[in-house]
Amino acid sequence: MALRDRLRPWHALMIVVFVAGTTTYLLNAASITGGTGVRAVASGLFALVVFQFTVGNVWGYAVEYHNAGGRWTDLPFLTPFVTAAVAGVVVGVYAGSVPAGAWATFWVFVLVAAVVAVGAWVVAGYTEAEM
């Protein structure tokens, strides 16, 4: 199988994130040296890891919910997204910092998704026990 047959749009998006992270570092550097290049590549890799972790996990959450028979318009599915978005905006405005808002958005999503997952697990357990 040729390489072009194995590449997916996800891979192209990862390359874009890596290039954006590397380019951003280089644009903010005072001068370009070998050390700056290494740090720029490390910055691009870090951006890629953060992207993979956040977007990959959110996508996995959505796919697993859908595969379990849920719809993406269900309230239990949307609750973590809405709560995280509201919390991120509030923290971002209150702190005056986009990174603080993004950090809050991520962690509120994680916590609320965990609460919803445990709640759904308990409800499903009680439903099966009644049968």
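Residues numbered from 1 in each chain as written. Predicted model: local features only at pLDDT ≥ 70, side-chain atom pairs only at ≥ 80, totals over all residues. Heavy atoms only, no water.

Chemist: With reference to specific residues and values, describe the packing of helix H3 (residues 34–67) against helix H4 (residues 75–95).
Modeler: Between H3 and H4, the least distance of the axes is 11 Å, while the angle of their chain directions is 170°. On the basis of their axis angle, the class for H3 and H4 is roughly antiparallel. The hand of the H3/H4 crossing is left-handed. Contact residues: H3 offers Val58, Tyr61, Ala62 and Tyr65, while H4 offers Pro76, Phe77, Pro80 and Phe81. By residue class, the composition of the contact of H3 with H4 is 8 nonpolar, no polar and no charged. (Axes fitted to C-alpha atoms, helices over the stretch in contact; angles between N-to-C directions. Helix = DSSP H or I, 4+ residues; strand = E, 2+ residues; numbered from the N terminus. Parallel < 35°, antiparallel > 145°, perpendicular 65-115°, else oblique. Left-handed = near helix turned anticlockwise from the far one by under 90°. Contact = heavy atoms within 4.5 Å. Nonpolar A, V, L, I, M, F, W, Y, C, P; charged D, E, K, R; others polar.)

Chemist: Go over the packing of helix H2 (residues 9–28) against H3, please, and point to the residues and values.
Modeler: In a packed pair of helices, the relevant descriptors are the angle between the two axes and the axis-to-axis distance. Between H2 and H3, whose axes approach to 7 Å, the crossing angle comes to 140°. Compared by their axis directions, H2 and H3 come out oblique. In terms of crossing hand, the pair formed by H2 and H3 is right-handed. By residue class, the composition of the contact of H2 with H3 is 14 nonpolar, 7 polar and 1 charged.

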